[in-house]
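# Coordinate analysis (summary)
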Amino acid sequence: AGGFLVLPAPINWNYVFSNADFTRNKTIYITLICVSILYLLLLVYARYKDKKDLEKLGVTPLPDNQPSDQYFYQILVFTGHRTHSGTNSKVHFILAGDDDETQVRTLADPHRKILQRGGIDAFVMTVP
């Protein structure tokens, strides 16, 4: 039984291509056209969404950073995925340590929306 092998029937390509006209196989051709159009539309939509995601990348320096400051801190802000997790408000904070604290600092980015629902925003803060 190990040497018994049933070969598939050969395909007669001359018969296949001679009967492949549109009038006999409308359903097949319409299905192929619809699937191709749907694929192209989804491709365009995915490319658009990829470009929108690239806008969210990057680290934003805080607008009130001073060039003479010596220490740099990266601040990561994670917002949740629930409804109303983001904000359009201006967010201010004070960073306090054992020896000193900063002035009131503001999280802002003039080029993109920050603190949106389900986002991760990165900021660089400089201090003396």
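Residues numbered from 1 in each chain as written. Predicted model: local features only at pLDDT ≥ 70, side-chain atom pairs only at ≥ 80, totals over all residues. Heavy atoms only, no water.

### Considerations on a nonpolar patch on the surface
Just so we agree on the cut-off: Each patch is built from salt-bridge-free residues with over 30% relative accessible area, joining like charges within 9 Å and nonpolar side chains (Val, Leu, Ile, Met, Phe, Trp, Tyr) within 5 Å. For accessible areas, the Shrake-Rupley method is used with a probe of radius 1.4 Å. Any residue's cover is judged against the shown protein chains and nothing else. Any carboxyl oxygen of Asp or Glu within 4 Å of a side-chain nitrogen of Lys or Arg constitutes a salt bridge here. Every helix listed is a DSSP run of H or I at least four residues long, and every strand listed is a run of E at least two residues long, numbered separately from the N terminus.
Taken together, the side chains of I11, W13, Y15, V16 and F17 present a nonpolar region at the surface, about 590 Å² in accessible area. If you trace the backbone, V16 turns up in helix α1 (residues 13-18).

### Digging into the pairing of strand β5 (residues 120-127)
The test is simple: Relative accessible area decides the class of each residue, using a 1.4 Å probe on protein chains only: under 20% of the type maximum gives buried, over 50% gives exposed, and in between gives partly exposed. Note on pairing: DSSP must find at least two bridges between two strands before they are called paired.
Of all the eight residues making up β5, six are buried; the element is thus mostly covered by neighbouring parts of the structure. Pairing of strand β1 (residues 59-61) with β5, which is carried by three bridges, proceeds in the parallel orientation. When the bridges of β5 are listed, T60 appears paired with F123. Sheet topology places strand β2 (residues 71-78) next to β5; eight bridges connect them, and they run antiparallel.

### Description of the domain arrangement of the chain
Counted only if it meets this: Those domain boundaries reflect an automatic or database domain assignment.
Parsing the chain into structural domains produces domain 1 (13-55) and domain 2 (60-127). Spacing between the C-alpha centres of domain 1 and domain 2 amounts to 46 Å.

### Description of the sheet that holds β2
Note the cut-off: The axes are straight lines fitted to the C-alpha atoms, using for helices just the contacting stretch, and the angles between their N-to-C directions are given from 0 to 180°.
Taking strand neighbours across the sheet as the criterion, the three strands line up as β1-β5-β2 in an open arrangement whose pairing is mixed. At either margin of the open sheet sits one strand with a lone partner, and together these are β1 and β2. Within this sheet the neighbouring strands show an average axis-to-axis angle of 30°, counted without direction.

### Digging into the pattern of salt bridges
This structure, assessed with the given rule, holds three salt bridges. Salt-bridge contacts for D64 lead to R105; the nearest nitrogen and oxygen are separated by 3.0 Å. You can see D64 sitting in the loop between β1 and β2 and its partner R105 sitting in strand β4 (residues 105-107), a full 41 residues away along the chain. Using a relative accessible area of 27% as the deciding quantity, one classes D64 as partly exposed. Here D109 makes a salt bridge to R112, at a shortest N to O gap of 2.9 Å. Comparing D109 with R112, the two get one shared label, buried.

### Brief notes about the environment of G118
Worth spelling out the cut-off: The contact criterion used throughout is that any non-hydrogen atoms of two residues lie within 4.5 Å.
Locating G118 in the fold gives a position in the loop between β4 and β5. Note on G118: relative accessible area 33%, which makes it partly exposed. In this structure, the C-alpha to C-alpha distance between G118 and V16, residues 102 residues apart in sequence, is 53 Å. In contact with G118, other than residues within four places in its own chain, are T79, G80 and H81.

### Details of the packing of aromatic side chains
How we decide: Centres within 6.5 Å are what make two rings of Phe, Tyr or Trp a pair, Trp counting through its six-membered ring; a difference in plane orientation under 30 degrees is then read as stacked, over 60 as edge-to-face, and the rest as tilted.
Applying the stated criterion to the full structure yields two aromatic pairs. Plain terms: the ring middles of W13 and F17 are 5.9 Å apart, the flat faces sit at 25° to each other, and that makes the pair stacked. Taken together, the positions of W13 and F17, both in helix α1 and four residues apart, correspond to about one turn of that helix. Ring centres 5.8 Å apart and planes at 45° place the aromatic pair F22 and Y29 in the tilted group. In this structure F22 comes out as partly exposed when scored by relative accessible area, which is 44%.

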